[in-house]
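Each chain is listed here by its residues.
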Amino acid sequence: MNGLSHHEVAARIESGLDNRVPDKTSRSLWQIFRANVLTLFNAIVGTSFLVLLLLGRWQDALFGLAAAGNAVIGVVQEFRAKRSLDRLAVLDAPRARVLRDGQILEIATAEVVRDDVLVLRAGDQVTADASVLDAAGLEADESLLTGESDPIDKDAGSEVLSGSIIVAGHGKARVVRVGAESFASRLTADARRFSLVDSEIRNSLNRVLRWIAWGILPVAVVVINGELQSRGGWQDALATGAWTGAMVGVIASVIAMVPLGLVLLTSVAFAVGGLRLAGHKVLIQELAAVEGLARVDILCMDKTGTLTEGGLKFDAVHQLTPSPDAGWQQALGWFATEPEANATARSLATAFEDDGGFQSVSYVPFSSSRKWSGVSFGSSNGTTPTWILGAPEMVLAPAGHAGVLGQAGELARAGLRTLLLAGADGLPAAGKVATLPAGLRPVALLTFREQPRSDARETLEFFRAEGVEVKIISGDDPRTVAAIARRVGVDVTDGFDARELPEDPQLLEEVMGRNTVFGRVSPDQKKDMVTALQRLGHTVAMTGDGVNDALALKTADLGIAMDSAAPATKAVSRLVLLDGRFDRLPEVLAEGRRVIANIERVSSLFLSKTAYSIAIAVTFGLMQWPFPFLPRQLSFTDGLTIGIPAFFLALMPNARRYKPGFLRRSLWFSVPAGLIVAAALLALNGIALSGETTPETLGSASVLTLSVVGLWILAVVSRPLNTGRVGVLAAMCAALVILLNLPLAQEFFILSWPPASLLLAALAAGLGGGLAIELLAWLHRRKFPR
């Protein structure tokens, strides 16, 4: 066997039959830029910004900075997600070993072509789907692909799949599928498609922004007409140049409707949450995922690598005879160190040592089909002691060994993997069809266990206390999975065999609702199980580490990868536990609660502003009164009553438990609060316009009224008050008094203390609005008790 020649390889590369896989996600950098920058709101904000600059009113264009910052954060955030997806690769092997022109070469995985002969050895990762040509004890671990943790015996004619790992033996295999056609590539094709994490905060804000987008044009028309009519009508305003002042009023009303600060502050809160979690060794791959775990009510997890540390550990010896054949311990040491030993046999090395005194004269390697291996040793007295190591039910006949098999069955039901060591005098028959020798004498049962993570029990108890239901989904035997689940505190009797899962979606939902532990689950089934839970109205998080988990992790509302996860699994996950500590999840939950509770708190401030901006614009426009604020004056009030305090409130501790309905609760308070503010300003302007006032003094009085009611809203939203929130509120009140008396601020914001009568009216309107806000807060607490 010489493998392909140089010319045959070149012909296949020219025909596109190499192992290259496209690494492009569905959104280019231009598409990301367009989605975050070329939006309707950015067009409105940008146009307004440029108009004010052309009119020489740069002082009124400060809002442009918030819009620019928000666009930059959006582009950077999504581009990071794109880069992560572009690096998605199931194959972790940098090189492949192939036979070409009679020589063994190591080449890049992308240079493997169809019909290449792969030379496979223990520890190799298979780089393309291939058909085995010859094998000596060849076994492949396909757990990353299928979830099945048992190594699979690979004889001549069987297939080895790309992404699987050779754990025992050696052999050669001819490549049959490469590139995008390989099993690993097809498995992760859906995972490569771009998607954003499902975020209630972001979805709610996007919904509000869509509503505002529909309302901006009609409101702007009303304001334009009101502004020009208040300046003598359309013709006079255009002829005298008074239209420039009207344009400033229109821009002020339109920009005030857009809660730009809320979108920016949400991104900042997510980013700070991500940095905090990074300090706890939790990588946030998309900022909005910070809130995800706060909303989760079902946590699905794989067993291997999540509840357990991965791999098998030797557990114990259960001797079956008080006087076993001499040398049985040395025989186990030999099985553990034999070069073609599988992972289970190698774990025996921790308890049994090979002293080198045994020399094998006949050896039958372990096979997954026959489930046993055998060896005969030469001795100085001419005898050839033989030892068989394998599954009890495959080594012993039921007749005459019912007691041993019964004991083995009890150990298996306890979640322990069980092997039998038996002695014999004859030689095992080697060859293609190996046979056991006669006269087997059971010596000992050997048990192996998967080691649960030390943090698993405590973490699961935490989630149960928080009302988060747990589902354990694995590719292993359901009895084994159920046993592991019981060891970490899950109250379950039996596991459900996923091979019996119904295909009907409604029946699948019923099965998912009734059961907690599932075994023998395929990759496609994992995804279907997650979607069934989502159809039942649950918010689903899923943890995992294998490529077989990738599609389900991407489908779940929140995908969480362990540190031992395959590269593909990490790339599609929203969170990665960098140190593999399962007990990091409560910290993620606490951070998510802080973010979502604080964003809900400050959203009431921003949406109140949107509500009163629309109400003021419409009512003043219909009454043909000039808009009462300049854009810079709104920047002044926004900073004191919303922007600056909201920044601190959003980053403060908040352990309030999540409840669905974030937007409904916010709007239930914000819309009436906005109407109260608008009513207070209407009352003030109605009183003022009936007497002698100037636009400057009326604007200053309006700013004062808006500041008083705005600070009252801030005080209500900050409850329950603590030292930090009281400090923020006191600082904003002090800043208001200082700025109103600071000449530089008075000049920049065109503010002055109004006459006594107008000052009294402004304070009275503010006090009346504040009392109405108190009544609204009382009603809100009764409607939505905490």
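Above this text is the structure in question.
Below is a short write-up of the structure. (Residues numbered from 1 in each chain as written. Predicted model: local features only at pLDDT ≥ 70, side-chain atom pairs only at ≥ 80, totals over all residues. Heavy atoms only, no water.)

1. Here's the deal with the overall build of the chain
A count of helices and strands for the chain gives 29 helices and 21 strands. The buried share of the chain, taken over its 786 residues, is 53%. Here the analysis covers contacts within the chain between residues at least 6 apart in sequence; of these, 73% occur between residues at least 24 apart. (Helix = DSSP H or I, 4+ residues; strand = E, 2+ residues; numbered from the N terminus. Buried < 20%, exposed > 50% of the residue type's maximum accessible area, 1.4 Å probe, protein only. Contact = heavy atoms within 4.5 Å.)

2. Some words on the nonpolar core
Leu 293, Ile 472 and Ile 713 are the most contacted members of the largest nonpolar core, which totals 115 residues. Here this core takes 15 residues from helix α23 (residues 585–622), the largest share from any one element. In this structure, Ile 472 is in contact with Met 301, Leu 307, Val 481, Ala 485, Val 490, Thr 516, Val 517 and Phe 518, ignoring residues within four places of it in sequence. (Core = buried A, V, L, I, M, F, W, Y, C linked by side-chain atoms within 4.5 Å.)

3. Some thoughts on unusual backbone geometry
Here the amide bond leading from Arg 719 into Pro 720 is cis, since omega sits at 0°, within 30 degrees of zero. Within the secondary structure, Pro 720 is located in the loop between α26 (695–717) and α27 (723–740). With a phi angle near 80°, Asp 115 is a residue other than glycine that sits in the positive phi range. Tracing the sequence through the fold places Asp 115 in the loop between β2 (103–108) and β3 (117–121). Phi is positive for Ile 750, which is not a glycine, with a value near 55°. Residue Ile 750 is classed as partly exposed on the basis of its relative accessible area, which comes to 32%.

4. Section: empty space enclosed by the protein
Taken as a whole, this structure holds three cavities of 30 Å³ or more when the rule is applied. A volume near 50 Å³ is recorded for the second largest cavity. Its residues assigned to classes, the lining of the second largest cavity shows five nonpolar, three polar and no charged. (1 Å grid on protein atoms, 1.4 Å probe; cavity = no way out; pocket = protein on both sides within 12 Å on 5 of 7 lines; lining within 4 Å. Points joined across faces, edges and corners; volume = space filled by probe spheres on them. Nonpolar A, V, L, I, M, F, W, Y, C, P; charged D, E, K, R; others polar.)

5. A word on a nonpolar patch on the surface
Together, Ile 224, Trp 234, Leu 238, Trp 243 and Met 247 line one region of the surface with nonpolar side chains, adding up to about 450 Å² of accessible area. Along the chain, the position of Met 247 falls in helix α9 (residues 243–257). What makes Met 247 partly exposed here is its relative accessible area of 31%. (Patch = residues over 30% accessible without salt bridge, like charges linked within 9 Å, V, L, I, M, F, W, Y side chains within 5 Å. Areas by Shrake-Rupley, 256 points an atom, 1.4 Å probe, with all protein chains shown as cover. Salt bridge = Lys/Arg side-chain N within 4 Å of Asp/Glu carboxyl O.)

6. With respect to the sheet that holds strand β16 (residues 469–473)
Here we have eight strands laid out as an open sheet, ordered β8-β21-β20-β19-β9-β16-β18-β17, and mixed in their pairing. Two strands lie at the open edges of the sheet, namely β8 (282–284) and β17 (496–497), each paired on one side alone. Inspection of the sheet shows strand β9 (residues 298–301) paired to strand β19 (residues 540–544) by four bridges, in the parallel sense. Counterpart to Leu 299 in the pairing with β19 is Ala 541. (Pairing = 2+ DSSP bridges.)

7. Here we look at the pattern of salt bridges
Any two side chains of opposite charge can pair, so long as their charged atoms come close to each other. Counted by the stated rule, this structure contains 16 salt bridges. Residues Asp 115 and Arg 12 are paired through a salt bridge, measuring 2.9 Å at the closest nitrogen-oxygen approach. Linking Asp 115 in the loop between β2 and β3 with Arg 12 in helix α1 (residues 6–14), this pair joins segments that are 103 residues apart in sequence. The partly exposed category is assigned to Asp 115, whose relative accessible area is 24%. One salt bridge connects Arg 584 with Glu 587, and the closest N-O pair in it is separated by 3.6 Å.

8. With respect to the side chain of Thr 418
As for its placement among the helices and strands, Thr 418 is situated in strand β14 (residues 417–424). A distance of 3.5 Å separates the side chain of Thr 418 from the backbone oxygen of Leu 416, its partner in a polar contact. Setting aside residues up to four positions removed in sequence, Thr 418 forms contacts with Ala 391, Pro 392, Ala 408, Leu 411, Ala 412, Leu 445, Leu 446 and Thr 447. (Polar contact = N/O pair within 3.5 Å; in protein donor to acceptor, adjacent residues only side chain to side chain.)

9. A look at the packing of helix α7 (residues 200–230) against helix α25 (residues 662–689)
Between two packed helices, the angle of one axis relative to the other and the distance separating the axes together describe the packing. Where α7 meets α25, the axes come as close as 9 Å, and the angle between the chain directions of the two elements is 50°. With respect to α25, the axis of α7 lies oblique. The residues of α25 that touch α7, namely those facing Glu 200, Ile 201, Ser 204, Arg 207, Val 208 and Trp 211, are Phe 662, Leu 663 and Leu 667. A breakdown of the residues in the contact of α7 with α25 according to their chemical character gives six nonpolar, one polar and two charged. (Axes fitted to C-alpha atoms, helices over the stretch in contact; angles between N-to-C directions. Parallel < 35°, antiparallel > 145°, perpendicular 65-115°, else oblique.)

10. Thoughts on the packing of α25 against helix α29 (residues 756–783)
One can describe the packing of α25 onto α29 by two numbers: an axis separation of 9 Å at closest approach and a directional angle of 160°. Classified by the angle their axes make, α25 and α29 are roughly antiparallel. α29 is crossed by α25, and the crossing has right-handed handedness. Judged by residue contacts, Arg 664, Arg 665, Trp 668, Phe 669, Pro 672, Ala 673, Ile 676, Ala 680, Leu 684, Ile 687 and Ala 688 of α25 engage Leu 758, Ala 761, Ala 762, Ala 765, Gly 769, Ala 772, Ile 773, Leu 776, Ala 777, Leu 779, His 780 and Lys 783 from α29. In the contact of α25 with α29, the residues fall into 18 nonpolar, two polar and three charged. (Left-handed = near helix turned anticlockwise from the far one by under 90°.)

11. Looking at the environment of Ser 253
Tracing the backbone through its elements, the reader meets Ser 253 in helix α9. Residue Ser 253 is classed as buried on the basis of its relative accessible area of 1%. Here the alpha-carbon distance between Ser 253 and Leu 634, two residues 381 residues apart in the chain, equals 9.5 Å. Residues contacting Ser 253, with those up to four places away along its chain left out, are Val 223, Ala 617 and Phe 627.

12. Topic: the environment of Ser 670
By secondary structure assignment, the location of Ser 670 is in helix α25. On a C-alpha basis, the gap between Ser 670 and Ser 604 in space is 5.4 Å, while along the polypeptide they are 66 residues apart. The contact partners of Ser 670, leaving out residues within four places of it in the chain, are Ser 603, Ser 604, Leu 607, Ser 608 and Ala 611. A distance of 3.3 Å separates a polar atom in the side chain of Ser 670 from the backbone oxygen of Ser 604. In terms of polar contacts, Ser 670 uses its side chain to reach the backbone carbonyl oxygen of Ser 666, at 2.7 Å.

13. Quick word on the pairing of strand β12 (residues 372–378)
Burial within β12 is extensive, with six of its seven residues counted as buried. Of the pairings in the sheet, the one linking strand β11 (residues 359–364) to β12 comprises five bridges and is antiparallel in character. By the bridge assignment, Ser 360 is partnered in β12 with Phe 377.

14. What about the side chain of Thr 543?
Of note, Thr 543 is situated in strand β19. Once residues lying within four places of it in the same chain are set aside, the contact partners of Thr 543 are Leu 299, Cys 300, Met 301, Asp 302, Thr 306, Leu 553, Ile 560 and Leu 585.

15. Section: the pairing of β3
Burial analysis of β3 places four of its five residues in the buried class, which makes it a mostly covered element. Relative to β3, strand β1 (residues 95–100) is paired through two bridges, and the arrangement is antiparallel. In the strand pairing of β3, Val 98 is matched with Leu 118. Note: β3 against strand β7 (residues 165–177), five bridges, orientation antiparallel.

16. Observations regarding the packing of aromatic side chains
The relative placement of two aromatic rings is captured by the distance of their centres and the angle of their planes. Applying the stated rule across the entire model yields 13 aromatic pairs. The interplanar angle of 70° and the centroid separation of 5.7 Å between the aromatic rings of Phe 314 and Phe 448 together place this pair among those described as edge-to-face. Residue Phe 314 is found in strand β10 (residues 308–319), and its partner Phe 448 is found in strand β15 (residues 441–452); the two are separated by 134 residues along the sequence. Like Phe 314, the residue Phe 448 is buried in the burial classification. Grouped by ring-pair contacts, the aromatic residues Phe 314, Trp 328, Phe 352 and Phe 448 constitute a single cluster. (Phe/Tyr/Trp six-rings, centres within 6.5 Å; stacked < 30°, edge-to-face > 60°.)

17. Re α23
The end-to-end C-alpha distance of α23, which contains 38 residues, comes to 54 Å, matching closely the 56 Å that a straight helix rising 1.5 Å per residue would cover. By the largest-angle criterion, Ser 603 marks the main kink of α23, which is about 25°. Counting buried residues along α23, 32 of its 38 residues qualify, which places the element largely inside the surrounding structure. Gln 624 occupies a position one or two residues after α23 and carries a positive phi of about 60°. (Expected span 1.5 Å × (residues − 1). Bend = angle between axes of the 7 residues up to and from the residue.)

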